[in-house]
Amino acid sequence: MAPERCPKSAQASLELYFLENRARLLEIAAFLDRIDRCDGAADARADFRYNTFIKALHLLFESGPQRTKAIQLSFSDPTLEPIASAEGLRAHGAWEGGLK
Amino acid sequence: MKVIDPHIHMSSRTTDDYMKLALGGIHTVSEPAFWPGYNRAGVASFHDYYNLLTITEPARAARFGIRHYCWIGLNSKEAEDRQLSEEVLAIIPQYLDRPTVLGLGEIGLNKNSVNEIRALESQLNLAAERNDLILIHTPHLEDKLKGTRIIMEIIRNDKRIQPDRVLIDHAEEHTISEIKAHGFWYGLTLYPDSKGSPQRAVDAIEIYGSDRICINSSADWSVSDPQATLKTANEMRRRGHPEELIHRIFYENPKAFLSQCPKFQG
Ligand SMILES: [Zn+2]
C-alpha cells in the first residue's frame, strides 16, 4: 500500500523537532563524556556495547536515507541458528558478533 | 475519538488506569497472556492467571464501560522449563472457548532457543487445528531480527495458517518490511526505552502506509504508558494528518484484525 505523505514540509519538521533532538544529541555527548570521566574508562570503552554504539554513531553519517534501519541492523544478530538454551541469558541491546 | 488498544496488560495496571483509558476514548482492549516479571512455580499459577484474564479483568474493565478481551498462551520466557511448559500446554485448550478469548497469544520467541521454538510450534499447531487467531511476541533488542525471521519461517511452513490471521507484534524499522511482504499484520509497540516512540511510529505509517498496522501500548508492570496510543494519535494530529487516517489506524485497523474472531465486538 502507498505510504502516507507527511503533511509537514521538511522545514516545518525541522522547526518542530529541532530542540528535542538537539537535547538528545547533548545527552549522547554527555553519556560518552561520563564514561571518559569515570574510573575504569578504558574497560568500559572496550565493552562490546560501547563499540557497537560508536559504530552506530558512524552510521548516522554513512548510511544515507535509511539511517534508522541501518542502526537497528547494526545492533542485531543476523544469524538464524536457534541457541541451545536461554537459561540465564538476557538481551543487551547490541550484538557482539557485529564487531567482527 | 475511539481507540482500541490491541495489546495492553491491564492485569498489571491499577484500576485508576482503566479510568484513564475510558476518559481518553479507549473503550476496547485486548490483553495477551505474558510473563509476569518472575517465573511461576507451577501449573496452578497458570490456572489462576487464565482465570484472571477471562473472568476478573473483563469485570474490572466493565465498571468503566471498557470491553476487555484476552489471548491465552504460554509466553516464551517460561517455555525454557520443559516440564512446566508441557503441563501448561495441556491446560490451554480448556480456556480457549471462553467468551472473551480471541486466540493464542502472546506466543513467540524471547532468546530464540530450542525449547522456546518447541513451545511455539506446539501452540501454532493448536491454533491451526482450531483456526484461531494468533498474536506473536517477537524478541527484544538484538534478538528481534533473528526471532522474527525464525517465527515467520515456522508459520509460513504451516499451510493451514493464513498470514492475515496472524499479528506479529513489537515490529521495528528493521523488521516491518519483511513482515508486511509475507502478508502478516504487524504491531508497533510504544515503549519508552526498549521499543518505539510516538514519533517513530508515525514515521512508520508515513513510510510503510496504513494497512495491516496496529499500534499498541503493551503497558504492563514495567516502564510503560497506558495512554501511549493517545499520545501517538496526537503526534499524527500535530503533523497535520487527517482525522480519518487517525481513526483508521487506532480504531478501524485493530477492529478489522480482531473481528476475524467472531467473539469480538468493536
Ligand atoms: Zn505484551
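Structure shown above.
Cut-offs applied
- Residues numbered from 1 in each chain as written.
- Chains lettered and ligands numbered in written order.
- Predicted model: local features only at pLDDT ≥ 70, side-chain atom pairs only at ≥ 80, totals over all residues.
- Heavy atoms only, no water.
- Patch = residues over 30% accessible without salt bridge, like charges linked within 9 Å, V, L, I, M, F, W, Y side chains within 5 Å.
- Areas by Shrake-Rupley, 256 points an atom, 1.4 Å probe, with all protein chains shown as cover.
- Salt bridge = Lys/Arg side-chain N within 4 Å of Asp/Glu carboxyl O.
- Helix = DSSP H or I, 4+ residues; strand = E, 2+ residues; numbered from the N terminus.
- 1 Å grid on protein atoms, 1.4 Å probe; cavity = no way out; pocket = protein on both sides within 12 Å on 5 of 7 lines; lining within 4 Å.
- Points joined across faces, edges and corners; volume = space filled by probe spheres on them.
- Core = buried A, V, L, I, M, F, W, Y, C linked by side-chain atoms within 4.5 Å.
- Buried < 20%, exposed > 50% of the residue type's maximum accessible area, 1.4 Å probe, protein only.
- Contact = heavy atoms within 4.5 Å.
- Polar contact = N/O pair within 3.5 Å; in protein donor to acceptor, adjacent residues only side chain to side chain.
- Phe/Tyr/Trp six-rings, centres within 6.5 Å; stacked < 30°, edge-to-face > 60°.

A. Quick peek at a nonpolar patch on the surface. On the surface, a cluster of nonpolar side chains totalling about 330 Å² of accessible area is made up of L14, F18 and L19 of chain A. Checked against the element boundaries, L14 of chain A lands in helix α1 (residues 10-37).

B. Focus on empty space enclosed by the protein. Residues and elements named next belong to chain B. One pass over the full model with this rule turns up two cavities of 30 Å³ or more. In this model, the largest cavity occupies a volume close to 90 Å³. Surrounding the largest cavity, 13 residues form its lining, A171, L188, G196, R200 and A201 being those nearest its centre. Those elements giving two or more residues to the lining of the largest cavity turn out to be β7 (185-189) and α8 (198-208). In terms of residue count, α8 provides more of the lining of the largest cavity than any other element does, three residues in total. By volume, the second largest cavity is sized at about 40 Å³.

C. Structural detail: the nonpolar core. All names here are of chain B. Membership of the largest hydrophobic core comes to 72 residues, with the highest contact counts inside it found for Y50, I72, I92, L124, I136, L188 and I215. Tallying contributions element by element places helix α5 (residues 114-130) first for this core, with seven residues. Once residues lying within four places of it in the same chain are set aside, the contact partners of L124 are I107, I134, I136, I154, I155 and I161. With 14 residues, the next largest nonpolar core counts Y69, W71, L102 and C261 among its residues.

D. Region of interest: unusual backbone geometry. Residues and elements named next belong to chain B. The peptide bond linking G105 to E106 adopts the cis configuration, its omega dihedral lying at -15 degrees. Inspection of the secondary structure assignment puts E106 in strand β4 (residues 101-108). Phi is positive for L141, which is not a glycine, with a value near 50 degrees. Its place among the elements puts L141 in the loop between β5 (133-137) and α6 (144-156).

E. Spotlight on the environment of D220 of chain B. Residues and elements named next belong to chain B. Within the fold, D220 resides in the loop between β8 (213-216) and α9 (228-238). Taking the relative accessible area as the measure of exposure, D220 reaches 7% and is therefore buried. Through-space distance from the C-alpha of D220 to that of V3 is 18 Å; in sequence the pair is 217 residues apart. Beyond its immediate chain neighbours, meaning those up to four positions away, D220 contacts H9, S12, R13, F34 and Y191. At 2.8 Å, the side chain of D220 and the backbone nitrogen of S222 are in polar contact.

F. Region of the structure containing the packing of aromatic side chains. All names here are of chain B. For the coordinates displayed, the defined rule picks out 10 aromatic pairs over all chains. With a centroid separation of 6.1 Å and an interplanar angle of 55 degrees, the aromatic rings of F46 and Y50 are classed as tilted. Residue F46 and its partner Y50 are located together in helix α2 (residues 43-62), separated by four residues, close to a single helical turn. The class for Y50 is buried, based on a relative accessible area of 0%. A ring pair is formed by W71 and F257, whose centres lie 6.4 Å apart and whose planes are at 15 degrees; its orientation type is stacked. On the criterion of sequence distance, the pair formed by W71 in strand β3 (residues 67-72) and F257 in helix α10 (residues 243-258) is long-range, its members being 186 residues apart.

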